[in-house]
Amino acid sequence: MSDEAVATLLRSREPLVVIEAAAGCGKTYQGAAYAKDVVGHLGDGRLLILTHTHAACSVFAARTKTAGSRVEIKTIDALISQIALAYHKALDLPPNIMSWAWQDGGQGFEIMASKVARFLCLQPMVARALARRFPVIVCDEHQDSSFDQHSVVMSLLAAGAIVRIFGDPMQRIYGAKSDKAAREDRARWDALKAQGASEKLIIPHRWQDGCPHLGAWIIKARESMEQGLPIDLKNNLPSSVRVLVGNNLSQMRTGYQLSREHRVSIDRVLRNTTQLMILASQNDLVVALRAFWGRSVPIWEGHTREALVTLVQTLRSEQGNAEALAQGVASFMDSVAAGFSPSSHGNRLIQEVRTEAAKPTTGKPASIQAIARCLLNDPTHIGVSIALQKIHALIQETAPGFDKVKIDYRSEFRDAIRIGQFADPDEGFAEISRIRSYARPSPPKKVVSSIHKAKGLECDHVMLMACDKMQFTSTLYAKSKMYVALSRAKKSLTLVVPTSNPSPLFKL
């Protein structure tokens, strides 16, 4: 369907419109343009844009800036959290919703979504109130919605809201990773299209001003994967797609090392490109690639702070227990920094707290002892903040034993220090999360990122590293992850593929 026809359908009287759009085919443009057109006709209501990533929130915020406060943009989790917070007693949920939700790897979000979805079904008056506040709702990347998240949106549709949904099953990289789960989600997406008016966006706008040949190749790669065929890296490659050989020689499971021969061409890409997003499949590989380039390329941390979440949970449950707080600090530092492992620093820190830092010492042990005293003097979140500040000072001073400690996740480290400014850790975490949600930072010009955290972003030049069969298998999930990575590139794409164990998604 043409862009004009999709725009007309979006502005029709249909209560539900579902638009399927491949990456780069203009769904964000269409959604933002629609929002700006209708926002002036909503009376006292606001138009609500729901996304699945904070990166997408940033893009929509930039595209709808002229609409001002009449457009509200948030993640679907943020909407569910707001409802859960307002009715936490009725839902039997704790008042500290944000920090609680991150427990056990974020399972609290799933519990919260289930409770809120059921609550809106049983209490339609609440759904109607929300529909009056948000009479028009635009849902982005809806293929990533869980069953309960989808049910929340459908409750608002049933309550009278006009709903416009954009999605692409090929970009489904959140949720369960099994092929069975992916097929079930695809069936739900097809049923949703049948429920309302549905069309497709098919023109690859992202590459029209940059490299049309790259866009055509990415669309062809998508078609190959959908048909169960490998992506052809042997024939008819456009000049904007480079395939470089990179066999990982590291003996460590989480390491990355190349021969000089293979590294030269990869370093040249980094050096000669003004804007580059280096993508990796897993977080461990992101950290390894940062070390690979001597930490000269920063990590794009996105919005989520996994290590900080764990630390806040420790701060909440172990207040007054200096030894447990020391264990929390050691674990946090091991997650956000290189050179601060249990064997190098963490175990000694716990020992010093356990023995109340009583034994006189010098050098590196004395520095660790100084950190321990911060926790012994104040075994609360404030003491932990002071301890982290002490660690930062020791790193800055290149003190003995701290000269090789390097902070990889700088924003997360700074946020952990800021927790000490608040009355309790939950309040601090909630406020820091709120500020991050509205600040919406953009990645630096050269950055290394996981594919998940790059979702919703685009960059002129992209390099996807370690395209091996461990990172990219032949599952539906792996295909979606590969497609999301490829489609971030606007002008050039570099694939680093090993000859020893290449991904089965490629034909070499």
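The written sequence of each chain sets the order in which its residues are numbered from 1. Given that this is a predicted model, residues contribute local features only at a pLDDT of at least 70 and side-chain atom pairs are listed and counted only at 80 or more, while totals for whole chains, interfaces and linings are drawn from all residues. Excluding hydrogens and water, the side-chain figures rest on all heavy atoms present in the structure.

Points about the sheet that holds strand S3 (residues 71-75)
Working step 1: For two strands to be treated as a pair, DSSP must find no fewer than two bridges joining them. Per the convention used, a helix needs a DSSP run of H or I reaching at least four residues, while a strand needs a run of E reaching at least two, with both numbered from the N terminus. Read from one edge of the open sheet, 6 strands run S3-S2-S4-S5-S1-S6, paired in parallel fashion. The sheet is open, and its two edges are formed by S3 and strand S6 (197-201), each paired on a single side. Neighbouring strand axes in the sheet, compared pairwise and without regard to direction, differ in orientation by 15 degrees on average.
Working step 2: Alignment of strand S2 (residues 47-51) against strand S4 (residues 136-139), held across 4 bridges, turns out to be parallel. From the neighbouring strand, Ile-49 faces S4, where its bridge partner is Val-138.
Working step 3: Contact between two residues is taken to exist if any of their heavy atoms lie within 4.5 Å; hydrogens are not considered. Fitted lines through C-alpha atoms serve as axes, helices being fitted only where they are in contact, and the angles separating the N-to-C directions of these axes extend from 0 to 180 degrees. Against the sheet, helix H2 (residues 27-38) makes contact with strand S1 (16-21), S2, S4, strand S5 (162-167) and S6, and its axis sits at roughly 165 degrees relative to S5, the strand it touches most.
Working step 4: Lying over the sheet, helix H8 (residues 147-158) contacts S1, S2, S4 and S5, oriented at roughly 150 degrees with respect to S5.

Brief notes about the pairing of strand S9 (residues 276-280)
Working step 1: Each residue is placed in one exposure class: buried if its accessible area under a 1.4 Å probe, protein chains only, is under 20% of its type's maximum, exposed if it is over 50%, and partly exposed if it falls in between. Buried residues dominate S9, accounting for 5 of its 5 residues.
Working step 2: Residues Leu-276, Ile-278 and Ala-280 line one face of S9 and the alternating positions Met-277 and Leu-279 line the opposite face, and both faces are buried.
Working step 3: The sheet contact formed by S9 and strand S13 (residues 459-464) spans 3 bridges and is parallel. Note on S13: the bridge partner recorded for Leu-279 is Leu-464.

As for the domain arrangement of the protein
Working step 1: Note that the domain bounds reflect an automated or database-derived domain assignment. Taken domain by domain, the protein consists of domain 1 (3-203), domain 2 (212-300 + 443-497) and domain 3 (306-439).
Working step 2: The distance between the C-alpha centroids of domain 2 and domain 3 comes to 34 Å.
Working step 3: The partner domain 3 presents 7 residues to the 7 residues of domain 2 that form the contact.
Working step 4: Both faces combined, the contact of domain 2 with domain 3 buries some 590 Å², and carbon together with sulfur accounts for 41% of it.
Working step 5: Here the quantity called buried area is the accessible surface, traced with a 1.4 Å probe, that two parts lose on coming together, added over both. Of all residues in domain 2, Arg-290, Arg-295 and Ile-299 bury the most surface against domain 3, accounting for 64% of the area lost on that side.
Working step 6: What counts as a salt bridge is simple: a side-chain nitrogen of Lys or Arg found within 4 Å of a carboxyl oxygen of Asp or Glu. Along the contact surface separating domain 2 from domain 3 lie 2 salt bridges.
Working step 7: What qualifies as a polar contact is a pair of N or O atoms within 3.5 Å, subject to a donor-acceptor requirement within protein and to the restriction that residues adjacent in sequence count only when both atoms come from side chains. Here domain 2 and domain 3 share 3 residue pairs in polar contact (both at pLDDT 80 or more) between them.
Working step 8: Take the side of domain 2 that touches domain 3: its biggest share by element is 4 residues, from helix H12 (residues 283-292).
Working step 9: Three residue categories are used. Nonpolar comprises Ala, Val, Leu, Ile, Met, Phe, Trp, Tyr, Cys and Pro, charged comprises Asp, Glu, Lys and Arg, and polar comprises the others, including Gly. Broken down by class, the residue content of the side of domain 2 that touches domain 3 amounts to 3 nonpolar, 1 polar and 3 charged.

Some points on empty space enclosed by the protein
Remark: the empty space left among the atoms is shown by a probe the size of a water molecule rolled over them.
Working step 1: Using a grid of 1 Å spacing that covers the protein atoms alone, one calls a set of points a cavity when a 1.4 Å probe fits there but cannot get out, and a pocket when the set is open and has protein on both sides within 12 Å along at least five of seven lines; lining residues are those with an atom within 4 Å of a point. Grid points are joined across faces, edges and corners, and a volume is the space filled by probe spheres set on the points. Scanning all chains against the criterion turns up 1 cavity of 30 Å³ or more.
Working step 2: Each pocket or cavity is described by its volume, and for the largest cavity that value is around 30 Å³.
Working step 3: Residue lining of the largest cavity: Leu-50, His-52, Ile-76, Cys-139, Asp-140, His-142, Ser-145 and Val-153, and that is the complete set.
Working step 4: A class-by-class count of the residues in the lining of the largest cavity yields 4 nonpolar, 3 polar and 1 charged.

Some points on the packing of aromatic side chains
Working step 1: Stacked, tilted and edge-to-face are the three classes assigned to paired rings of Phe, Tyr and Trp, where Trp is represented by its six-membered ring and a pair needs centres within 6.5 Å; plane angles under 30 degrees give stacked, over 60 edge-to-face, the rest tilted. Tallying each qualifying case throughout the model produces 4 aromatic pairs.
Working step 2: Each ring, one from Tyr-87 and one from Phe-119, has its centre 5.0 Å from the other, and the planes form 45 degrees; the classification is tilted. With a gap of 32 residues between them, Tyr-87 in the loop between helix H4 (76-86) and helix H5 (97-101) and Phe-119 in helix H6 (residues 103-122) connect regions that are remote in the sequence.
Working step 3: Under the relative-accessibility criterion, Tyr-87 is labelled partly exposed at 33%.

Concerning the sheet that holds strand S14 (residues 489-497)
Working step 1: Taking strand neighbours across the sheet as the criterion, the 5 strands line up as S8-S14-S13-S9-S12 in an open arrangement whose pairing is parallel. Strands at the two margins of the open sheet, each flanked by one partner only, are strand S8 (241-245) and strand S12 (446-450). Taking the axes of each pair of neighbouring strands and ignoring which way they run, one obtains an average angle of 20 degrees across the sheet.
Working step 2: Note that S13 and S14 share 5 bridges and pair parallel. Along S14, the bridge assignment pairs Met-463 with Thr-494.

Quick look at the UniProt feature "domain: UvrD-like helicase C-terminal" (unreviewed entry) in the protein
Working step 1: When the UniProt feature table is mapped onto this chain, "domain: UvrD-like helicase C-terminal" (unreviewed entry) is found at residues 447-496.
Working step 2: End C-alpha atoms of residues 447-496 are separated by 16 Å, and the span's content is 30% helix alongside 36% strand. UniProt positions are given in the numbering used here, feature names are shortened, and annotations may be inferred rather than shown by experiment.

Some words on the nonpolar core
Working step 1: Residues grouped as a nonpolar core are buried Ala, Val, Leu, Ile, Met, Phe, Trp, Tyr and Cys residues, joined through side-chain atoms within 4.5 Å. If you look at the biggest cluster of nonpolar residues, it comprises 102 residues, and the most contacted ones within it are Met-112, Tyr-256, Ile-278, Trp-293, Phe-332, Met-333 and Leu-388.
Working step 2: Once residues within four sequence positions are removed from consideration, Tyr-256 is found in contact with Gly-246, Asn-248, Ser-250, Leu-285, Ala-288, Leu-289, Phe-292, Met-465, Ala-466 and Val-496.
Working step 3: Listed in part, the 66 residues of the second largest apolar core include Phe-60, Trp-217, Ile-219 and Ala-478.

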